[in-house]
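Spelled out, the chains give:
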Amino acid sequence: MVAIALCTLVLYPLKHIAPVASLAVVYLPAVLVVSVTWGAWLGIGTAVLSALAYDYFHIPPVGQLTASHASYWVVR
């Protein structure tokens, strides 16, 4: 949970220099560290919680688990 919170906080200043749709990769190191340290099941849980946090806090409309535009679901 701490890793997800840190990644979520790191995204706020990064949103000013990069498109929000391409910043999901920030959560990847946290997922990898949890997977290597505590196993695949906790890694999968971390990945799911990371996706939910990313969607809820950074994808418009913020504060909802729905994307306002289809381009947020698939990054080109």
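Each value, and the rule that gives it
Residues numbered from 1 in each chain as written. Predicted model: local features only at pLDDT ≥ 70, side-chain atom pairs only at ≥ 80, totals over all residues. Heavy atoms only, no water. Helix = DSSP H or I, 4+ residues; strand = E, 2+ residues; numbered from the N terminus. Contact = heavy atoms within 4.5 Å. Expected span 1.5 Å × (residues − 1). Buried < 20%, exposed > 50% of the residue type's maximum accessible area, 1.4 Å probe, protein only. Arc of directions from axis to C-beta.

Can you walk me through the side chain of S50 in this structure?
Checked against the element boundaries, S50 lands in helix α3 (residues 40-58). When sequence neighbours within four positions are dropped, the list of residues in contact with S50 reads I4, Y27 and V31.

Honestly, helix α1 (residues 2-14) in this entry has me stumped. Any pointers?
Think of an α-helix as 3.6 residues a turn; residues three or four steps apart then line up on the same face. Under the 1.5 Å per step criterion, the end-to-end length of α1 is 19 Å for 13 residues, consistent within 8% with the ideal 18 Å. All of the buried residues in α1 are I4, C7, T8 and L11. Seen end-on, α1 carries its buried residues on one side only, within an arc spanning 100°. Along α1, the residues that are exposed and aim more than 90 degrees away from the buried face are V2, L6, L9 and P13.

By themselves these figures say nothing about function.
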